[in-house]
Amino acid sequence: MRRGYDVIVLGLGGIGSAAAYWLARRGLRVLGLEQFELGHARGESHDHTRIIRLSYHAANYVRLAKEAYQAWAAVESDAKRQLVYVTGGLDLGPEDGAISLETYAHAMTSCAVDFEWLDAAQIRARFPQFTIGPSVRGLFQAQGGFLAAEQATAAHQQLARNMGADLLERTPVTAIRNERGCAQVTSGDDSYTAPHLVIAAGPWTNQALAHFDMRLPLEVTKEQPMYLRPADLSAFEIGKFPVWIWMDDPSFYGFPVFGEPAVKIAQDAGGKPVDPDTRSFDADPDITQRVLDFIERVLPSARGPEHLVKTCLYTLPPDRDFIIDTLPEHQNVHVAVGAGHAFKFASVIGRIMSELVVDSQTPSDIHSFKISREILTMDAPPKTYMV
């Protein structure tokens, strides 16, 4: 095994595996290092599904979402397997909800994305699984759906290896030195060098940045998807039920049946702060109760025995915007943080990281995702997690 590479990728979750794929696709000698086993359940990228959608709160995200669909299409072509499932996407909530549907509509309109406004009666007629009052309305976007998340990460990894990348699991990094434009990464007794370093470490981002005397105001929270077994599971099959997001505070989201004989439902950004190295994998009774109360009120036909409860982590910048940038004082070190809503963008972020490495720039609009933006320099920045 070689010791010198063109680029080293730290972290092989959703974004890191995508970066390894796109970098190898461009012909670079790639080393990926993962501190746990590949496909582990300690971070952010596991489980069967993640929502993908063109409906977003800002035009730059809508434009990036369009690019995300294109990136996933390239992966599907290379892998010769389906990873994106289009079910339609429904954003719904009360007219005075904490998340503005008008903002989403305006962003899609500005980017020429087709969608429909639906009132409560139209939502109930199209999706009778919902029990909602007249004050609820929604946006339906036909291209919404979900990614087969674990399959997608595994596809990125396999394709990267097919293209010559070395991906090492159970290889925690113990030291990083960056001198004269060359990064040296040490794991135990082994050291590897490369002109470029990509940090895609999720909840462990600050541990990696500590080697550069840098720390970001990131909060890591433990989140909790739940799988319930309704009496009529067929009502939630693909083709009968969309991916959906409840646009209020608290916010909830869910999927049609996929991967388990159950319906997946979760609260968005409802978890408590944790240390990623010491956190438990136990269910949070507060989240469980909030989800069940919501289901009883809005989606009672999904209520049923708990089939499975999982946990995952969010890595949250205070404004919940992504971080996709090059370190100002280390132009060969590139960082991506997904802010708890990036899996749908994982492949395109991986492509962008390859462009930053090879071309020192990207045609994608990432100006809002700078690591030097003001809120990331504050000692106690205000937190805004509702998007």
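In the block above lies the structure referred to throughout.
Right, let's walk through the structure included here. (Residues numbered from 1 in each chain as written. Predicted model: local features only at pLDDT ≥ 70, side-chain atom pairs only at ≥ 80, totals over all residues. Heavy atoms only, no water.)

## Some points on the pattern of salt bridges
Which entries qualify depends on this criterion: We define a salt bridge as a side-chain nitrogen of Lys or Arg found within 4 Å of a carboxyl oxygen belonging to Asp or Glu. The classification of residues rests on relative accessible area computed with a 1.4 Å probe and restricted to protein chains. Under 20% of the type maximum is buried, over 50% is exposed, and intermediate values are partly exposed. Per the convention used, a helix needs a DSSP run of H or I reaching at least four residues, while a strand needs a run of E reaching at least two, with both numbered from the N terminus.
Per the stated rule, a full pass over the model turns up 21 salt bridges. Here Arg-42 and Glu-37 are joined by a salt bridge, their closest N and O atoms 3.1 Å apart. Here Arg-42 falls in the partly exposed class, since its relative accessible area comes to 29%. Notably, a salt bridge pairs Arg-351 with Glu-355, separated by 3.0 Å at the nearest N-O pair. A residue pair is termed a helical-turn pair when its members lie 3 or 4 positions apart in one helix, as Arg-351 and Glu-355 do in helix α8 (residues 346-359) at 4 residues. A network of salt bridges, in which partner residues are shared, links Asp-47, Lys-264 and Lys-310.

## Quick notes on the sheet that holds strand β6 (residues 116-119)
This is how the line gets drawn: Note on pairing: DSSP must find at least two bridges between two strands before they are called paired. Angles shown run from 0 to 180 degrees and are taken between the N-to-C directions of axes, each axis being a line fitted to C-alpha atoms and, for helices, limited to the stretch in contact.
Strand order in the open sheet formed by 8 strands is β6-β7-β5-β16-β17-β18-β15-β20, and the pairing between neighbours is mixed. Both edges of this open sheet fall to β6 and β20 (306-309), since each of them pairs with a single strand only. For this sheet the average axis-to-axis angle between neighbouring strands, irrespective of direction, equals 20°. Pairing analysis gives 4 bridges linking β6 to strand β7 (residues 136-141), with the strands arranged antiparallel.

## Re the packing of helix α2 (residues 59-79) against α8
Rules: Orientation is classified from the angle alone, with under 35 degrees giving roughly parallel, over 145 giving roughly antiparallel, 65 to 115 giving roughly perpendicular, and any other angle giving oblique. Contacts: residue pairs with any heavy atoms within 4.5 Å of one another. Side-chain classes follow a simple rule in which Ala, Val, Leu, Ile, Met, Phe, Trp, Tyr, Cys and Pro form the nonpolar group, Asp, Glu, Lys and Arg form the charged group, and the remainder, Gly included, forms the polar group.
For the pair α2 and α8, interaxial distance at closest approach is 7 Å and the crossing angle is 90°. Between α2 and α8, the angle is such that the two are roughly perpendicular. Contacts between α2 and α8 involve Leu-64, Glu-67, Ala-68, Ala-71, Trp-72 and Val-75 from the first element and Ala-346, Ser-347, Val-348, Arg-351 and Ile-352 from the second. Residues of the contact of α2 with α8, tallied by class, amount to 8 nonpolar, 1 polar and 2 charged.

## Focus: the side chain of Thr-311
Just so we agree on the cut-off: Throughout this description, a polar contact denotes any pair of N or O atoms lying within 3.5 Å of each other; where both atoms belong to protein, one of them has to be capable of donating a hydrogen while the other can accept it, and for residues adjacent in sequence the pair is counted only when both atoms sit in side chains.
Relative to the helices and strands, Thr-311 is located in the loop between β20 and β21 (312-316). With relative accessibility at 6%, the residue Thr-311 sits in the buried group. In terms of polar contacts, Thr-311 uses its side chain to reach the side chain of Arg-279, at 2.7 Å. The residues touching Thr-311, leaving out its near neighbours within four places in the chain, are Ala-41, His-46, Lys-222, Glu-223, Pro-225, Arg-279, Phe-281 and Asp-282.

## Focus: the nonpolar core
Most often, soluble globular proteins have nonpolar side chains that are buried together. We count it as follows: Here, nonpolar core refers to any group of buried Ala, Val, Leu, Ile, Met, Phe, Trp, Tyr and Cys residues whose side-chain atoms link them within 4.5 Å.
Formed by 77 residues in total, the largest nonpolar core has its most connected members in Leu-23, Val-30, Trp-72, Phe-322, Phe-345 and Ile-349. Dropping the residues within four chain positions of it, Phe-322 is found in contact with Tyr-61, Leu-64, Val-337, Gly-338, Ala-339, His-341, Ala-342, Phe-345, Ile-349, Ser-368, Phe-369 and Arg-373.

## Some points on unusual backbone geometry
Between Asp-249 and Pro-250 the backbone carries a cis peptide bond, its omega angle lying at 5°. Along the chain, Pro-250 turns up in the loop between β16 (243-246) and β17 (251-254). For Asp-47, which is not glycine, the phi torsion reads 85° and is therefore positive. Inspection of the secondary structure puts Asp-47 in the loop between β2 (30-33) and β3 (49-52). Here Ala-339, not a glycine, exhibits a phi torsion of approximately 60°, which is positive. Judged by its relative accessible area of 0%, Ala-339 is buried.

## Observations concerning the pairing of β17
Residues Ser-251 and Tyr-253 point to one face of β17 and Phe-252 and Gly-254 to the other, with burial holding for every one of them. What sits between β16 and β17 in their antiparallel hairpin is a turn of 4 residues. Across 4 bridges, the pairing between β17 and strand β18 (residues 263-268) is antiparallel. Note on β18: the bridge partner recorded for Phe-252 is Gln-267.

## What about the environment of Gly-89?
With respect to the helices, strands and loops of the structure, Gly-89 is situated in strand β5 (residues 89-94). Gly-89 gets classed as buried once you look at its relative accessible area, which sits at 11%. Residues Gly-89 and Ser-55 lie 34 residues apart in sequence; the distance between their C-alpha atoms is 8.2 Å. Those residues in contact with Gly-89 that sit more than four places away from it in its chain are Leu-139, Phe-140, Gln-141, Gly-144, Pro-242 and Val-243.

## Re the sheet that holds strand β14 (residues 219-223)
Spatially, the 3 strands line up as an open sheet ordered β19-β14-β21, and their pairing is antiparallel. At either margin of the open sheet sits one strand with a lone partner, and together these are β19 (272-273) and β21. Of the pairings in the sheet, the one linking β14 to β19 comprises 2 bridges and is antiparallel in character. The residue bridging Thr-221 from the neighbouring strand is Pro-273, located in β19.

## Here we look at helix α5 (residues 149-162)
Every α-helix winds through 3.6 residues per turn, so residues three or four apart in the chain are directed the same way. Where we set the bar: Multiplying 1.5 Å by the residue count of a helix minus one yields the expected span of that helix.
The end-to-end C-alpha distance of α5, which contains 14 residues, comes to 20 Å, matching closely the 20 Å that a straight helix rising 1.5 Å per residue would cover. Along α5, the residues that are buried comprise Ala-149, Ala-152, Thr-153, Ala-155, His-156, Gln-157, Leu-159 and Ala-160. Among the structural elements, α1 (14-25), β3, α2, β8 (145-148), β9 (166-168) and α8 are those in contact with the buried residues of α5. In the segment just after α5, Gly-164 is the residue with positive phi, at about 105°.

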